[in-house]
Structures are given as structure tokens and as C-alpha cells.
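This is what each chain is made of:
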Amino acid sequence: MPQSWQQYRSAPSPGTRVAEADALPEQGHLSVTVESDRGRFPLLVIRLGDGELRAYVNACPHQFLPLDQRGNRLLSEDGEQLRCTNHDAAFATRSGEGVGGLGLGCALDPVPVRLADGWLVIGG
């Protein structure tokens, strides 16, 4: 059964290179648009303090606007929450589950990513 991110018409194929790994800051995030023959796919990649990677479709489930539409200050200081810049919906960085505001009862769509040969790549 496909994961929810694969239901997006513009979802890239597993193995698609997203960005060079050096573009992702330590304990930070990177917002990219992955272009493929299927279209443009909005992706948000986070590197947690322990070095683990998490990625989500960059679309707030509240209104499907990009989380960073109004600026790039998404991560809380401790790196444990993402906040949508449109309506302040809050999501747990590690799970994507809504934890505050308009994020309650919602969740971000996770996308598996990995590091391979100096690149961030779609797929587990």
C-alpha cells in the first residue's frame, strides 16, 4: 500500500535526488521543490539534533499552504516543533502529528529520505 505522500500527483519516484546533503544545515531545515516529469513537489527536510532526518510534504493540512509561505522560521528553538507561518499550526518534528493550534487533529505527510553519496534522496 502506498504511503500518503505517494498519492500526490507530483510525487517523485523513490531514488530521486532532492539536494546536496551539504545544503541541509545541522539541526535545521531545508525547503525544496523537487521537479520531475510528474511536476513540482514541495518538500521540507529536517535534520534533528541527534542527526536523524525527517521529511514531510511542505503543505499544512489545515489549508494545504506551504508551511514556510510567510517566512522560514519554522523550527522551534529546541527543534521539536514545526510551526506553520500562515496560521501558527504546530506539529511534532519527529512524528508530524499536530500538537497545537490549528494543527490539532491533523498531521503532516511524512516522506522517507536518506543520505546517499552526498545527496538527500527520496526513499527509505
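Our subject is the structure listed above.
Residues numbered from 1 in each chain as written. Predicted model: local features only at pLDDT ≥ 70, side-chain atom pairs only at ≥ 80, totals over all residues. Heavy atoms only, no water.

Colleague: What am I meant to see in the overall build of the chain here?
Modeller: For the chain, the helix and strand inventory stands at 0 helices and 9 strands. Listing the helices and strands of the chain from first to last along the sequence gives β-β-β-β-β-β-β-β-β. In terms of overall dimensions, the chain is globule-like: its C-alpha atoms have a radius of gyration of 13 Å, near the 14 Å expected for 124 residues. Projected onto its principal axes, the C-alpha positions of the chain cover 35 × 30 × 30 Å. Considering the chain as a whole, with its 124 residues, one finds that 43% of them fall into the buried category. (Helix = DSSP H or I, 4+ residues; strand = E, 2+ residues; numbered from the N terminus. Rg over C-alpha atoms; globule rule 2.2 N^0.38 Å. Buried < 20%, exposed > 50% of the residue type's maximum accessible area, 1.4 Å probe, protein only.)

Colleague: Please explain the pairing of strand E8 (residues 113-116) as it appears in this structure.
Modeller: A regular strand places its side chains so that they alternate between the two faces of the sheet. Looking at chain direction, E8 and strand E9 (residues 119-122) are connected through 4 bridges and run antiparallel. Opposite arginine 114, over in E9, you have valine 121 as the bridge partner. As consecutive antiparallel partners, E8 and E9 are separated by 2 residues, and within that stretch aspartate 117 has a phi angle of approximately 55 degrees, a positive value. (Pairing = 2+ DSSP bridges.)

Colleague: Just checking my understanding: could you explain the nonpolar core for this structure?
Modeller: Soluble globular proteins tend to bury their nonpolar side chains together. Grouped together as the largest cluster of nonpolar side chains are 19 residues, with contacts concentrated most on Val18, Phe41, Leu43, Val111 and Leu120. When residues of this core are traced back to their parent elements, those giving at least two are strand E1 (17-20), strand E2 (29-36), strand E3 (39-47), strand E4 (53-57) and E9. Excluding residues within four positions of it along the chain, leucine 120 makes contact with Thr16, Arg17, Val18, Ala19, Ala21, Leu24, Leu30, Val45, Leu53, Arg114 and Leu115. Among the nonpolar cores identified, the runner-up in size contains 12 residues, and Leu48, Leu67, Leu82 and Phe91 belong to it. (Core = buried A, V, L, I, M, F, W, Y, C linked by side-chain atoms within 4.5 Å. Contact = heavy atoms within 4.5 Å.)

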